[in-house]
Amino acid sequence: MTKPSALALLPLAVFLTLFVGSGPWFQAQGVEFAFYQVSAPVAILPAIALAIWLARGSLNERIETFVRGVGNHTIVTMVLIYLLAGGFASVAKAVGGVDATVNSGLSVIPPALVLPGLFAITAFVATAMGTSMGTVAAIAPIAVGVADATDLPLLLTVGTVVGGAMFGDNLSIISDTTIAATRTQNVEMRDKFRMNFRIALPAALMTMTWLYFQGTTVAVPTPGDYELLRVLPYVAVLAMAILGVNVLLVLFAGILLAGAVGLGLEPGYTLVNLSKDIYAGYTNMQEILILSLLIGGLGAMMKSGGGLAWLARAIDWLSCLGGDRNRGPRTGELSIGLAVSATNVCVANNTVAILLNGELARDIAARYGVDPRRTASLLDIFSCAVQGLLPWGAQILLASSLAKVSPLALVGSIQYCWLLGLAALVSIFLGLPRPGVARQPESLTELT
């Protein structure tokens, strides 16, 4: 068993200091584009070197641990999504899909409801398809087009999409976070959904209200002419996603369909142009791809060194301060939220954070009398809220890459995740919502 060690978390602190801390420092020096001066894939290199130096075993064993983290199934899947998302976004834009989609949307949605409408659509799609990554990949390019066609701030528009995507990721019954939370706590999905919905809905309504007032004075130009056929790739991608088709297949099919539209409607558009547009999309994902791979390796090093085990033990110790282990559910719920949030910051993956804290959460819940359905709900809510605000998290990295903005700058524009975290804290202190009578699932199949 890995011995807990706080020292194993030091590489993460080094990375955050270089990546996050460099922006304010350069800004204080009056440097333009301060947050772009240090690239995240470069800032993480000293952290990786430190993690390898701190690790136990031979040098080859340490490097092998890092490589296994880089090749983790979740990381590789995200990389493939990045590539296909970049290719789809590039081709769809090149064949006029973004302009056509924006113009068709502006012709239907009232100007004051552009932002709330964008949030609602994104939330619905993410809930239906069960993945925030796939949702961001499909809708973020449209959000960029909306910002270009109106006087809405780009960061606000893209942040609206990320917030809506995290809403769906948190509530969807086919989301991997939902599956992880319900399985680790042995509760039914329907019960966890009901608990989550009572916390997420107020946060979503507050977000949409705030977005409404942000967009009431927006100057929406008269929509230009558009051909609905050019919107077809986006419609097809969303429809396939809602039907539950694998996100990789969805994006690949989107590339083919967008290419077919270009070949049929764009004068002079050839297979050579299509291949160049796909590769351009790949190139746009270079930074996020490299960073995701390196973060996967760094996370594996910290876990292997006992950093996550130390973090879990520290949270458990904090929950027991005072020596009274029967102080009530509130202390247990706060401990569960803190544990999964802190782990999520380290691993930058909400599903992994839930899985790593499943056993600890069950123990805390039993000690403080927290209902398992409430535990599953809090695991999912806090992990999604934190994941949607991490500048090195996959969702923000993907959105910022598609919009060509700084991930650090984007964090402040994702109001839903801030409000979701606040709503979760308020629910803990008020002791609401209260679970009803539990019905135990009859089989493991019923959980999935």
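The numbers attached to residues start from 1 for each chain and follow its sequence in the written order. Totals for whole chains, interfaces and linings use all residues, but because this is a predicted model, local features are given only for residues with pLDDT of at least 70 and pairs of side-chain atoms are given and counted only at 80 or more. Hydrogen atoms and water are omitted, and side-chain values are computed over all heavy atoms in the structure.

A. Representation of the overall build of the chain. Scanning the chain for helices and strands turns up 22 helices and zero strands. C-alpha atoms define the radius of gyration, and 2.2 Å times the number of residues to the power 0.38 defines the globule rule. Relative to a compact globule of 448 residues, whose C-alpha radius of gyration would be 22 Å, the chain shows 22 Å and is just as compact. Principal axes of the C-alpha set define a box for the chain whose edges measure 75 × 55 × 50 Å. Relative accessibility under 20% of the residue-type maximum defines a buried residue, over 50% an exposed one, and the middle range a partly exposed one, all with a 1.4 Å probe and only protein chains included. A total of 448 residues make up the chain; the buried ones form 55% of that total. By the counting scheme adopted, Arg and Lys are positive, Glu and Asp are negative, and His together with the chain ends is not counted. Where a charge lies is defined by one atom per residue type, namely NZ (Lys), CZ (Arg), CG (Asp) and CD (Glu). Once the 24 positive and 24 negative side-chain charges of the chain are each reduced to a mean point, those two points are 10 Å apart. Think of it this way: any DSSP run of H or I at least four residues long counts as a helix, any run of E at least two long counts as a strand, and we number them from the N terminus.

B. Highlighting a nonpolar patch on the surface. On the surface, a cluster of nonpolar side chains totalling about 350 Å² of accessible area is made up of L422, V426, L430 and L432. By the element assignment, L422 lies in helix α21 (residues 415-430). Patch membership requires more than 30% relative accessible area and the absence of a salt bridge. Residues of like charge join within 9 Å; the nonpolar side chains Val, Leu, Ile, Met, Phe, Trp and Tyr join within 5 Å. Only the protein chains shown count as cover for residues, with accessible areas throughout obtained via the Shrake-Rupley method and a probe of 1.4 Å. When a carboxyl oxygen of Asp or Glu is within 4 Å of a side-chain nitrogen of Lys or Arg, the pair counts as a salt bridge.

C. Here's a closer look at the pattern of salt bridges. The final tally for this structure, using the stated rule, is eight salt bridges. A salt bridge links E188 to R190; the shortest N-O distance between them is 3.4 Å. Judged by its relative accessible area of 46%, R190 is partly exposed. D191 is the salt-bridge partner of R194, the closest N and O atoms lying 3.4 Å from each other. Residue R194 and its partner D191 are located together in helix α10 (residues 189-215), separated by three residues, close to a single helical turn.

D. Representation of the nonpolar core within the structure. As used here, the term nonpolar core means buried Ala, Val, Leu, Ile, Met, Phe, Trp, Tyr and Cys residues forming a set that is joined through side-chain atoms within 4.5 Å. Counting residues in hydrophobic clusters, the biggest one holds 127 residues, and the most contacted among them are F15, L398 and Y416. Contacts of L398, omitting those with residues within four sequence positions, involve Y82, A85, M133, V136, A137, M285 and I288. Contacts are residue-level and defined by heavy atoms, with any inter-residue pair within 4.5 Å sufficient.

E. Seen up close, the side chain of K192. With respect to the element layout, K192 can be found in helix α10. What makes K192 buried here is its relative accessible area of 1%. A distance of 2.4 Å separates polar atoms of two side chains, one belonging to K192 and the other to D380. Ignoring sequence-local partners within four residues, the contact set of K192 consists of N170, T178, T182, A376, S377 and D380. The term polar contact refers here to a pair of N or O atoms within 3.5 Å; inside protein, the definition further demands a hydrogen-donor-capable atom paired with an acceptor-capable atom, and it admits residues adjacent in sequence only when both atoms are side-chain atoms.

F. A look at the environment of G268. Looking at the element boundaries, G268 is found in the loop between α12 (247-265) and α13 (271-284). Separated by 122 residues in sequence, G268 and V146 have C-alpha atoms that sit 27 Å apart.

G. Looking closely at the layout of surface pockets. Lining residues are those with an atom within 4 Å of a point, where the points come from a 1 Å grid over the protein atoms alone and group into cavities, where a 1.4 Å probe fits but cannot get out, or pockets, open sets with protein on both sides within 12 Å along at least five of seven lines. Grid points are joined across faces, edges and corners, and a volume is the space filled by probe spheres set on the points. Estimates place the volume of the largest pocket at around 570 Å³. Taken together, 27 residues form the lining of the largest pocket, with T77, I81, T131, D176 and V247 sitting closest to its centre. Elements that contribute at least two residues to the lining of the largest pocket include exactly α4 (73-94), α7 (132-149), α12, α17 (350-368) and α19 (394-403). Side-chain classes are defined by residue name, with Ala, Val, Leu, Ile, Met, Phe, Trp, Tyr, Cys and Pro counting as nonpolar, Asp, Glu, Lys and Arg as charged, and the others, Gly among them, as polar. Taken together, the residues that form the lining of the largest pocket break down as eleven nonpolar, 14 polar and two charged.

H. Molecular detail of empty space enclosed by the protein. Enumeration over the complete set of coordinates arrives at two cavities of 30 Å³ or more. One number sums up the size of the largest cavity: a volume of about 40 Å³. The wall of the largest cavity is formed by L12, F15, I295, L298, C346, V347, A348 and W392. Elements with a contribution of two residues or more to the lining of the largest cavity: α1 (10-28), α14 (286-304) and α16 (329-347). Of the residues that constitute the lining of the largest cavity, the class distribution is eight nonpolar, no polar and no charged.

I. Examining the environment of L228 more closely. Examined against the element boundaries, L228 turns out to sit in helix α11 (residues 228-242). Judged by its relative accessible area of 60%, L228 is exposed. Sequence-wise, L228 and D371 are 143 residues apart; in three dimensions their C-alpha atoms are separated by 50 Å.

J. Region of interest: the packing of α14 against α19. Axis lines are fitted through C-alpha atoms, for helices just across the contact stretch, and the angle between N-to-C directions can take any value from 0 to 180 degrees. Closest axis-to-axis distance for the α14/α19 pair is 9 Å, and the angle between their directions is 165 degrees. With respect to their mutual orientation, α14 and α19 come out roughly antiparallel. Both α14 and α19 take part in a crossing whose hand is right-handed. Residues I288, L291 and S292 of α14 touch α19, and the partners they reach there are A394, L397, L398 and S401. The residue inventory of the contact of α14 with α19, partitioned by class, reads five nonpolar, two polar and no charged. Note that the term roughly parallel is reserved for angles under 35 degrees, roughly antiparallel for angles over 145, roughly perpendicular for angles of 65 to 115, and oblique for everything else. By convention the crossing between two helices is left-handed if the near helix lies anticlockwise of the far one by an angle smaller than a right angle, and right-handed if it lies clockwise.

K. View of the packing of aromatic side chains. Pairing of aromatic rings covers Phe, Tyr and Trp, the last through its six-membered ring, and needs centres within 6.5 Å; plane angles under 30 degrees mean stacked, over 60 mean edge-to-face, and all others mean tilted. For the coordinates displayed, the defined rule picks out eight aromatic pairs. The interplanar angle of 75 degrees and the centroid separation of 5.4 Å between the aromatic rings of F88 and Y234 together place this pair among those described as edge-to-face. In this pair, F88 sits in helix α4 while Y234 sits in helix α11, placing the two residues 146 residues apart along the sequence. For the pair F88 and Y234, a shared accessibility class is recorded, and that class is buried.

L. Quick look at the packing of helix α8 (residues 154-171) against α10. Remark: α8 packs on α10, axes separated minimally by 10 Å, with the N-to-C direction vectors making an angle of 165 degrees. Taken together, the axis directions place α8 and α10 in an arrangement best described as roughly antiparallel. Read as a crossing pair, α8 and α10 show a hand that is left-handed. From α8, L156, T160, F167, N170 and L171 reach across to α10, where they touch K192, F193, N196, F197, A200, A204, W210, L211 and Q214. Grouping the amino acids of the contact of α8 with α10 by side-chain chemistry returns nine nonpolar, four polar and one charged.

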